[in-house]
Every structure is written in structure tokens, then in C-alpha cells.
Amino acid sequence: MEYVSRVPRPPLDRLIDDLYYLEGAPPYARLTLPASPAALLIVNLGAPFRIRACTDIETAEYADGCVITTPTRALEFGYPLRTRSVGVHFKPWGLAPFLPMPAAELCDRPVTVEQVWGRPAVAELRDRLATADGPHEMLTLLEEELMRRLGETAGLGLVRHTSSVIAATSGAVAIDDLRASAGVSSTHLAQRFKELVGVTPKRLARSYRFVATVFAINPAEPIDWADLAGGAGYFDQAHFGHEFRAFTGLTPTRYVEVRRRFLREHPGHALDSWPLPAD
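Here the structure is a predicted model, which means the values were calculated and not measured. (Residues numbered from 1 in each chain as written. Predicted model: local features only at pLDDT ≥ 70, side-chain atom pairs only at ≥ 80, totals over all residues. Heavy atoms only, no water.)

Asks: An account of the overall build of the chain is requested, with residue identities and associated values reported.
Replies: When helices and strands are counted, the chain shows 10 helices and 10 strands. Here the C-alpha atoms of the chain give a radius of gyration of 19 Å, agreeing with the 19 Å that 2.2 N^0.38 yields for 279 residues. Considering only C-alpha atoms, the chain reaches an extent of 55 × 50 × 35 Å along its principal axes. With 279 residues in all, the chain has 50% of them scored as buried. (Helix = DSSP H or I, 4+ residues; strand = E, 2+ residues; numbered from the N terminus. Rg over C-alpha atoms; globule rule 2.2 N^0.38 Å. Buried < 20%, exposed > 50% of the residue type's maximum accessible area, 1.4 Å probe, protein only.)

Written as C-alpha cells, this is what we have:
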């Protein structure tokens, strides 16, 4: 697969980790994307893809793309034989200035880009992207669209600062201390987070801690699960296992088996760091 990414210019860089272009044959027909502290926007330029967000939600088809706020559960993507898209990996708070609704309304319920920006605007954007001269020009067009839509968002400074501290500590920070230093009530802080991130600050901290712990795993080496869980601050190995299933849908040992399968069958693949085979 061809994967091209870059960090956007200021002020978008305070909201976005990277813009990316993706094209080619997916390594598997279905991929599981574990829950992580990030939001996502995909503008689809190829055949429709499918997403299953929760066990109680039917798989849905997305032709123009999708918008996903910070998830609490794993997402399953079903891809066509070839896929082509551009997208945005947002920081947890970064999607809020581009949404017409509170982020909590979309938590674990992906929507189409049309539902967020409207059919005429999305159709025009897709047409311009489809006729662009290569991935770099496409990313420039996407960046310009985001700059044009960027507006003021009430409470963003508070949420961005608090989230940044949570991220810098990999979730190992007392939320009540952050609330006190910000001079706001727990209710106010939680409400702002739900509006702009989609989840509470405590839930976001759980996500950061889990991701930091998982990225510390080297699937090529033996793993001492008890030591890993204790070092990450989990109460015990059972607590760690519960978090693993909540964020990935897998047990820790099954996760490593699946990661090893990906690395064995597709060494050096552009998507080998986080998605997992689901088929």
C-alpha cells in the first residue's frame, strides 16, 4: 500500500497529528482498529468500505468517508479489494472545531462525512481531491478545506491543556488535580470533555495509559504480563486483562498472536503499528 503523511501547518498542528493519503490493497479484508485517544476523519475516494462499531450496532457502509470521535471500543473496518482515501488523525480534542454537534453524540457511532459537512460540500471536496495531481496536492487541498472550516470553539483551551497533560503523563495523573489547577468543577470539566472529545477526562486517561502500555510490548520477545501490568499502574493482571478486552476485544495473549501474524505475513507494512487482522 502507498501511505503518505505529513503534519499540517499552524494552527492546525495544535489539533491534528497528521494528514494522510492511503491507496492500495489492504493486507486483510477486515481490520480491527483498537480504541485509542484520537479522532479520525476519512474522505473516501474509492469503493465503499464498511465499519462495525459495536456488537449492538449493525455493520454500516460508508461511500463518501466517515467521521469518528475518540472511541471507547474497537472498530472493525471491512475494505474493498483496493482502497483509496485521504484522512486526518486528530488529537482527541482536535475534531471538535469541525463538528456541528457535541462529540459525545458520535461516541462509538461513526457517521458519514456528509452528515457532518453536508452533501454539496463533500461532493465538491471529493471531486477536487479525485482530480488532484498526486498525494501531496491532495493533502494540501484537504488542509485548505480544514483551514477554511476552522472556527472558535468554547472551552477548547481548557480541554486542550488538560488533555495535553494527560497525554504527557500517559494517563498517570490525578484528574482532580488537573481540575483544581484549572479552577473548575469536576462536572464542568467532564461536560466540556464530553462536548469536545466525546469522553470524560478519566476515560481519556485510561486510553492513553492503555496505548502507552501496548506500544511498549515487543511481540517478538517473551512477555512478562504481570510485570507489564504492574509497571503500567494496573491493580493486577486481571485488571490489565479486562482493559485489554475493553479496548481491543482480545485477551493480551490473543493480541500478541494476532500482531505476530501481521508482522509475519506483512513485514514492514505501512499499517503494521496498530490495526489488527480481523478475518
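Asks: Residues and numbers for the environment of leucine 271, please.
Replies: Turning to its location among the elements, leucine 271 is positioned in the loop between helix 10 (252–265) and strand 10 (276–277). With a relative accessible area of 13%, leucine 271 lands in the buried category. Expressed as a C-alpha distance, the spacing of leucine 271 and proline 26, which sit 245 residues apart in the sequence, is 8.9 Å. Once residues lying within four places of it in the same chain are set aside, the contact partners of leucine 271 are Met1, Leu22, Pro27, Leu31 and Phe262. (Contact = heavy atoms within 4.5 Å.)

Asks: Can you break down the sheet that holds strand 7 (residues 65–68) residue by residue, with the values?
Replies: Taken together, the 5 strands give an open sheet; going across it, the order is 1-2-9-4-7, and neighbouring strands pair in antiparallel fashion. Looking along the sheet, the strands with just one partner apiece sit at the ends: strand 1 (2–6) and strand 7. Strand-to-strand twist of the sheet, defined as the mean angle between neighbouring strand axes without regard to direction, takes the value 15°. Here strand 2 (residues 16–24) pairs with strand 9 (residues 83–90) via 8 bridges, running antiparallel. Bridging across to strand 9, glycine 24 finds its partner in threonine 83. Each of strand 4 (39–44) and strand 9 is contacted by helix 2 (residues 119–130), which is oriented at about 70° to strand 4, the strand it contacts most. (Pairing = 2+ DSSP bridges. Axes fitted to C-alpha atoms, helices over the stretch in contact; angles between N-to-C directions.)

Asks: Before we move on, could you go through the pattern of salt bridges and cite the residues and values that matter?
Replies: This model, assessed by the stated rule, comprises 15 salt bridges. Between glutamate 143 and arginine 9 there is a salt bridge, and its shortest N-O distance comes to 3.1 Å. Of this pair, glutamate 143 sits in helix 3 (residues 135–149) while arginine 9 sits in the loop between strand 1 and strand 2; the two residues are 134 residues apart in sequence, bridging distant segments of the chain. A relative accessible area of 41% places arginine 9 in the partly exposed class. Shared partners join several salt bridges into a network, and the residues in it are Arg128, Glu145, Arg148 and Arg149. (Salt bridge = Lys/Arg side-chain N within 4 Å of Asp/Glu carboxyl O.)

Asks: Can you explain the side chain of glutamate 145? Please cite residues and give values.
Replies: Along the polypeptide, glutamate 145 turns up in helix 3. On the accessibility criterion, glutamate 145 (4% relative accessible area) is buried. A distance of 3.2 Å separates polar atoms of two side chains, one belonging to glutamate 145 and the other to arginine 128. The contact partners of glutamate 145, leaving out residues within four places of it in the chain, are Trp117, Leu125 and Arg128. (Polar contact = N/O pair within 3.5 Å; in protein donor to acceptor, adjacent residues only side chain to side chain.)

Asks: So what's going on with the environment of phenylalanine 215? Which residues, and what values?
Replies: When you line up the elements, phenylalanine 215 lands in helix 7 (residues 201–215). The spatial distance from the C-alpha of phenylalanine 215 to the C-alpha of leucine 129 is 33 Å, given a sequence separation of 86 residues. If we skip the residues at most four places from it in the chain, phenylalanine 215 touches Ser273 and Trp274.

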